[in-house]
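# Descriptive analysis of the structure
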Amino acid sequence: MSKKSLVLIVDDEPDMVEFLSFNFEKEGYIIKSAVNGMDAVEVAMEFRPHLIIMDVMMPKMDGVEACQIIRQNKESYDPIIVMLTARGEDYSQIAGFDAGADDYLIKPISPKVLVARMNALMRRNYMKEAPMNSKRKTENTLTINREYYSVFKNNKEIQLPRKEFEILSYMAEKPNRLFRSEKIFKHIWGADTIVGNRTMDVYIRKIRSKIGDNYIRTIKGVGYKFVQNNK
């Protein structure tokens, strides 16, 4: 990754901050740290890192609440946010994803695995060249632009959080094709992330509420389709 890539590490355990900082600095990242969610929000707005790795359980403000606050400013600043915690319960993971987290990792984790996974996230979100057909239009004037992370319907921009945009864009690349939930999860979150099936239903419902009900069809018990001709 580029040496100009910025990472904010948030954890109330000094040893963990030092451990993560050391491994990311070896990869050429520029590092800043915070010890609680309240400080993380302040540092993030000033430092504007590309990637935030944040513990969940912290004093003053936990990672989930900090993530929610940072995502409130997504129109002007939308970093990759990864929750790092010792808690592995489904409800904890869903809370993190609902707050706007891009990934959720369980401690302990190998530093090589962690850095490799974060490198992959950074490449996917910041360094991917836009395809020649990055603008995909339906007959009902829905335009998805992968290069600029923008969606327009009838020339009006629709604001989608990063994960909702990634899901919509991924399915729109192959209209009328059936996508199983597990395939979408693997592509967007990675093979190591495990979340419940209801989580995908929540994301699809949120996307439909913003772009309309006709673009994504649910094939009950199987998966979803992005429908190109939805008249």
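Figured I'd write up the structure that's included with this text.

Thresholds applied
Residues numbered from 1 in each chain as written. Predicted model: local features only at pLDDT ≥ 70, side-chain atom pairs only at ≥ 80, totals over all residues. Heavy atoms only, no water. Pairing = 2+ DSSP bridges. Helix = DSSP H or I, 4+ residues; strand = E, 2+ residues; numbered from the N terminus. Axes fitted to C-alpha atoms, helices over the stretch in contact; angles between N-to-C directions. Buried < 20%, exposed > 50% of the residue type's maximum accessible area, 1.4 Å probe, protein only. Arc of directions from axis to C-beta. Contact = heavy atoms within 4.5 Å.

## A word on the sheet that holds strand β2 (residues 30–34)
Read across the sheet, 5 strands follow the order β2-β1-β3-β4-β5 without closing on themselves; strand pairing throughout is parallel. The open sheet has two free edges, formed respectively by β2 and β5 (103–106), since each of these has just one partner strand. Each adjacent strand pair in this sheet contributes to an overall mean axis angle of 20°, direction not counted. In the sheet, strand β4 (residues 80–85) pairs with β5 via 4 bridges, with the strands oriented parallel. Paired with V82 across the bridge in β5 is D103.

## Things to note about helix α7 (residues 181–189)
Along α7, the positions that sit buried rather than exposed are S181, I184, F185, I188 and W189. One side of α7 holds all its buried residues, which, seen down the axis, span an arc of 100°. Set apart from the buried face of α7 by more than 90 degrees, the exposed residues are E182 and K186. Directly beyond the C-terminal end of α7, a positive phi value near 105° is found at G190.

## Points about the sheet that holds strand β10 (residues 178–180)
In space, the 3 strands of this open sheet follow the order β10-β12-β11, with antiparallel pairing throughout. Both outer strands of the open sheet, β10 and β11 (216–219), are each paired with one neighbouring strand and no more. Geometrically, the sheet is characterised by an average inter-axis angle of 30° between neighbouring strands, direction not taken into account. Here β11 runs beside strand β12 (residues 223–226); their pairing, made up of 4 bridges, is antiparallel. By the bridge assignment for β12, R217 is matched with K225. Its contacts with the sheet put helix α6 (residues 162–172) on β10, β11 and β12, and the angle it makes with β12 is roughly 70°.

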